[in-house]
Amino acid sequence: MHEHQRIVRWATSQAIEIVEEAFRRIYAGYERDLEALADEITQQNALVGITTVSARTLLVGEFLTAKCGGYPPPKRFMDLLMLRPQLRRPQKTRTAKAELLPFD
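Keep in mind the model is a prediction, meaning the values are calculated, not measured.

## Comments concerning the side chain of Gln86
Stage number 1. Note that Gln86 resides in helix α5 (residues 85-88).
Stage number 2. Among all residues touching Gln86, those that are not within four sequence positions of it are Glu35, Ala38, Asp39 and Thr42.

Pasting the structure below:
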């Protein structure tokens, strides 16, 4: 019985190491070009109309988690990414003002 538990602990430890390495590799790759990643996020219009930093940070985190196969971004990575100018300022909605006024 003890041998079985030792094997299960070893296998679990190995699986955790593999997952953590994949996690580090994914975000290390993105960290090399934060500017391009920030551009991709803004091009996806994921933040249109979102005005608070906390809401933008939450949405960017969800976007990255989905993009990276369920691996949530580390805090340091998010801090670096959210410093990009295109993510710091709120994106304007794409509705033209003329569309808001009735000119029938």
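## Section: helix α3 (residues 53-67)
Each α-helix turn comprises 3.6 residues. Residues three or four places apart therefore point the same way.
Stage number 1. Between the first and last C-alpha of α3 there are 21 Å, a value that for 15 residues agrees with the 21 Å anticipated at 1.5 Å per step.
Stage number 2. The inward-facing, buried residues of α3 contact α1 (2-31), α2 (34-43), α4 (75-82) and α5.
Stage number 3. One or two residues past the end of α3 sits Gly69, with phi positive at roughly 70°.

## As for the confidence of the model for the protein chain
Stage number 1. In this model, the protein chain carries an average pLDDT of 85, and 86% of its residues clear a pLDDT of 70 or more.
Stage number 2. α4 holds the highest mean pLDDT among the elements of the protein chain, 95, whereas helix α6 (residues 97-100) holds the lowest, 50.

## So, the packing of aromatic side chains
Stage number 1. A complete count under the given rule lists four aromatic pairs for this structure.
Stage number 2. Three or more aromatic residues link up through ring pairs in this structure, and these residues are Phe23, Tyr27, Tyr30, Tyr71 and Phe77.

## Looking at the nonpolar core
Stage number 1. Core analysis: the largest hydrophobic core is formed by 15 residues, its most contacted members being Leu37, Ile41, Val60, Leu64, Phe77, Leu81 and Leu87.
Stage number 2. When residues of this core are traced back to their parent elements, those giving at least two are α2, α3 and α4.
Stage number 3. Sequence-distant contacts of Leu87, defined by excluding residues within four places in its chain, comprise Ala38, Ile41, Thr42, Leu47, Arg56, Val60, Leu81 and Met82.

## Considerations on the pattern of salt bridges
Stage number 1. Applying the stated criterion across every chain yields a total of seven salt bridges.
Stage number 2. Salt-bridge contacts for Lys75 lead to Asp79; the nearest nitrogen and oxygen are separated by 2.9 Å. Of the two residues, Lys75 and Asp79 both sit in helix α4, four residues apart, roughly one turn of that helix.
Stage number 3. When salt bridges that share partners are traced, they join Glu21, Arg24 and Arg25 into one network.

The rules behind each value
- Residues numbered from 1 in each chain as written.
- Predicted model: local features only at pLDDT ≥ 70, side-chain atom pairs only at ≥ 80, totals over all residues.
- Heavy atoms only, no water.
- Helix = DSSP H or I, 4+ residues; strand = E, 2+ residues; numbered from the N terminus.
- Contact = heavy atoms within 4.5 Å.
- Expected span 1.5 Å × (residues − 1).
- pLDDT = per-residue confidence, 0-100.
- Phe/Tyr/Trp six-rings, centres within 6.5 Å; stacked < 30°, edge-to-face > 60°.
- Core = buried A, V, L, I, M, F, W, Y, C linked by side-chain atoms within 4.5 Å.
- Buried < 20%, exposed > 50% of the residue type's maximum accessible area, 1.4 Å probe, protein only.
- Salt bridge = Lys/Arg side-chain N within 4 Å of Asp/Glu carboxyl O.

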